[in-house]
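Residues per chain are reported as follows:
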Amino acid sequence: MPKIHYKSVEEIELIRESSLLVSKTLGEIAKVVAPGVKTIELNKLAETYIRDNGGVPAFLNYSGFPYSLCISLNDQVVHGFPGNYALKEGDLLSVDCGVILNKYYGDSAYTFAVGEVSEVAQKLMKVTKECLERGVEKAIVGQRIGDIGYAVQEHAESNGFGVVKELVGHGVGLRLHEKPEVPNYGKRGSGIKLEEGMVIAIEPMINAGRAGVKFWDDGWTVSTVDGKPSAHYEHTVAVKKGKVDILSTFSYIDEVLKEK
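In what follows, the accompanying structure is described. Keep in mind that this is a model prediction, so the values were computed, not measured.

What counts, and at which threshold
Residues numbered from 1 in each chain as written. Predicted model: local features only at pLDDT ≥ 70, side-chain atom pairs only at ≥ 80, totals over all residues. Heavy atoms only, no water. Pairing = 2+ DSSP bridges. Helix = DSSP H or I, 4+ residues; strand = E, 2+ residues; numbered from the N terminus. Contact = heavy atoms within 4.5 Å. Axes fitted to C-alpha atoms, helices over the stretch in contact; angles between N-to-C directions. Left-handed = near helix turned anticlockwise from the far one by under 90°. Nonpolar A, V, L, I, M, F, W, Y, C, P; charged D, E, K, R; others polar.

Considerations on the sheet that holds strand E10 (residues 205–207)
Part 1 of the argument: If you walk across this open sheet you meet the 3 strands as E6-E10-E13, and the pairing is antiparallel. Whereas interior strands pair on both sides, the edge strands pair on one side only; in this sheet they are strand E6 (162–163) and strand E13 (230–232).
Part 2 of the argument: Note that E10 and E13 share 3 bridges and pair antiparallel. Pairing of Met205 across the sheet is with His232, part of E13.
Part 3 of the argument: Packing of helix H3 (residues 119–137) onto the sheet brings it into contact with E10 and E13, and relative to E13 it is tilted by some 35 degrees.

Take a look at the structure:
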């Protein structure tokens, strides 16, 4: 069974650089998200930006995945393919991005509203982002993996939403997916203890309706069983004493969205 790789201070700084490149890439995506834009154009933009800044798209050819971004629309939860679909007013667009920079991985995701979206979609985005914040707050020395999952699950379900259980967060750094797994559900005080040097990707995937998902024949795309929308937000974080160290940031996206 693979062991958890605990990172040194120097390694965490390298993962921070990778995660910031992911964050800046998502900021570039935020600039162009609008009705009429084809999702494959977002993929091309991200790949070019990542390479221009010295990185390599981490998702491209990962286990055969053919694109640089996972782009999941509306009822798609994660791992959707970019393509010739033109974004429409009211779409919910989840973009997941990873990079390799200086041999270390960064990973982050964000769900965008395309123009004006429904009240349900607005609430789903708000609550899912809050789920991420609540999960991230628990990523400190002495807490357990179950504390993160409980914080996410409790907030989602108290708002009437479903928590995806088939897909989980993960350790990240030397590889895109490392131990430990970080579920978005769980019991307080359960699971492995969080220790200094762990770097994990926390990524709530929350459905507006039922928690269940279905896996597509393309081997990648996952969507909700009831056709209701799903949202996905993700940060890469380093476990520290007393206060979590968030290595990725939504600040680049926030700056763009403020001006739109």
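Notes on the packing of helix H1 (residues 9–32) against helix H2 (residues 39–52)
Part 1 of the argument: One can describe the packing of H1 onto H2 by two numbers: an axis separation of 10 Å at closest approach and a directional angle of 140 degrees. In this structure, H1 crosses over H2, and the sense of that crossing is right-handed. Counted together, Leu21, Lys24, Thr25, Glu28, Ile29 and Val32 of H1 and Leu42, Leu45, Ala46, Tyr49 and Ile50 of H2 form the full contact between these two elements.
Part 2 of the argument: Taken together, the residues of the contact of H1 with H2 sort by class into 8 nonpolar, 1 polar and 2 charged.

Things to note about the sheet that holds strand E11 (residues 213–215)
Part 1 of the argument: Strand order across the open sheet formed by 3 strands is E3-E12-E11, with antiparallel pairing between neighbours. In this open sheet, the two edge strands, each paired with only one partner strand, are strand E3 (76–78) and E11. Put simply, the sheet's adjacent strands are angled 40 degrees from each other on average, direction ignored.
Part 2 of the argument: Pairing geometry for E3 and strand E12 (residues 222–224), over 2 bridges, is antiparallel. When the sheet's bridge partners are listed, Val78 is paired in E12 with Val222.

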